[in-house]
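Now for the letters of each chain:
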Amino acid sequence: MRRVLDTPMKYLANQKMNKFMKRALKEAKKAYKKGEVPIGAVVVKDNKIIAKAYNQRETKQDPTGHAEIIALKKASKKIKSWRLEDCDIYVTLEPCPMCAGAIIQARIKNLYFGAYDFKSGAASSAINLFNYPWNHQVKVKGGILESESKELLQTFFKSLRK
């Protein structure tokens, strides 16, 4: 008897997640070229990217210059609302507590991330802020194109040590 591993709907969902995560990786590579920690983010509404960003803490000398925060601000400006209820965010690294809080406050529907951050990840690794009974619940899925995201970060930090 033949076993079906993936349904067509699951396959299409994975293709969509990979497509948007690849765009977030493209943003992360921009950060890398500027000497920033290579993290990228995109905000998606109705299957279209409405905002994209990469880390800019060093460039702007701003502790809130994380890719997620910048992307959320751009998305809010684009749709003229801080409520991003019908939006998803794709990030190459598991969000920190600050970014997780902003994602919750923005009412993001789904968070998709690449690599896990065992030191400061706030979506499952160090802590899970998304498990608390906030007034808004965000669905979270990690490990999307994880190896690509992880490799980019590892390459960046190895080059810093040289």
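Here the structure is a predicted model, which means the values were calculated and not measured. (Residues numbered from 1 in each chain as written. Predicted model: local features only at pLDDT ≥ 70, side-chain atom pairs only at ≥ 80, totals over all residues. Heavy atoms only, no water.)

Counting across every chain of the model gives zero disulfides. Here C87 is not cross-linked by a disulfide; its sulfur's nearest cysteine counterpart is in C99, at 17 Å. Judged by relative accessible area, C87 falls into the buried class, the value being 0%. (Disulfide = S-S within 2.5 Å. Buried < 20%, exposed > 50% of the residue type's maximum accessible area, 1.4 Å probe, protein only.)

Our focus in this paragraph is a positive patch on the surface. A cluster of like positive charges, contributed by K26, K52, K60, K73 and K74, occupies part of the molecular surface. Tracing the sequence through the fold places K52 in strand β2 (residues 48-54). (Patch = residues over 30% accessible without salt bridge, like charges linked within 9 Å, V, L, I, M, F, W, Y side chains within 5 Å. Areas by Shrake-Rupley, 256 points an atom, 1.4 Å probe, with all protein chains shown as cover. Salt bridge = Lys/Arg side-chain N within 4 Å of Asp/Glu carboxyl O. Lys, Arg positive; Asp, Glu negative; His and termini not counted. Charge placed at Lys NZ, Arg CZ, Asp CG, Glu CD. Helix = DSSP H or I, 4+ residues; strand = E, 2+ residues; numbered from the N terminus.)

For the rest of this paragraph, the subject is the sheet that holds strand β5 (residues 139-141). The strand order across the open sheet formed by five strands is β2-β1-β3-β4-β5, and the pairing between neighbours is mixed. Bordering the open sheet on either side are β2 and β5, each of which pairs with just one other strand. The average undirected angle you get between the axes of adjacent strands in this sheet is 15°. Packing of helix α3 (residues 67-79) onto the sheet brings it into contact with β1 (40-45), β2 and β3 (87-93), and relative to β2 it is tilted by some 140°. Along the sheet, helix α5 (residues 146-161) makes contact with β3 and β4 (110-115), crossing β4 at roughly 55°. (Pairing = 2+ DSSP bridges. Axes fitted to C-alpha atoms, helices over the stretch in contact; angles between N-to-C directions. Contact = heavy atoms within 4.5 Å.)

The terminal C-alpha atoms of α3 lie 18 Å apart, and with 13 residues this matches the ideal 18 Å at 1.5 Å per residue to within 8%. For α3, the full list of buried residues reads A67, E68, I69, I70, A71, L72, A75 and S76. Looking at the buried residues of α3, the elements they touch are β1, β2, β3 and α4 (97-105). At the C-terminal side of α3, K80 shows a positive phi close to 60°. (Expected span 1.5 Å × (residues − 1).)

Another aspect to go through is the packing of aromatic side chains. Within this structure, the stated rule accounts for seven aromatic pairs. With a centroid separation of 5.0 Å and an interplanar angle of 80°, the aromatic rings of F113 and Y116 are classed as edge-to-face. F113 sits in the buried class, given a relative accessible area of 1%. Taking the centre distance of 6.2 Å and the plane angle of 20° together, the rings of Y116 and F118 count as stacked. Assessed through its relative accessible area of 65%, F118 is described here as exposed. Members of the aromatic cluster, joined through ring pairs, are F20, Y90 and Y112. (Phe/Tyr/Trp six-rings, centres within 6.5 Å; stacked < 30°, edge-to-face > 60°.)

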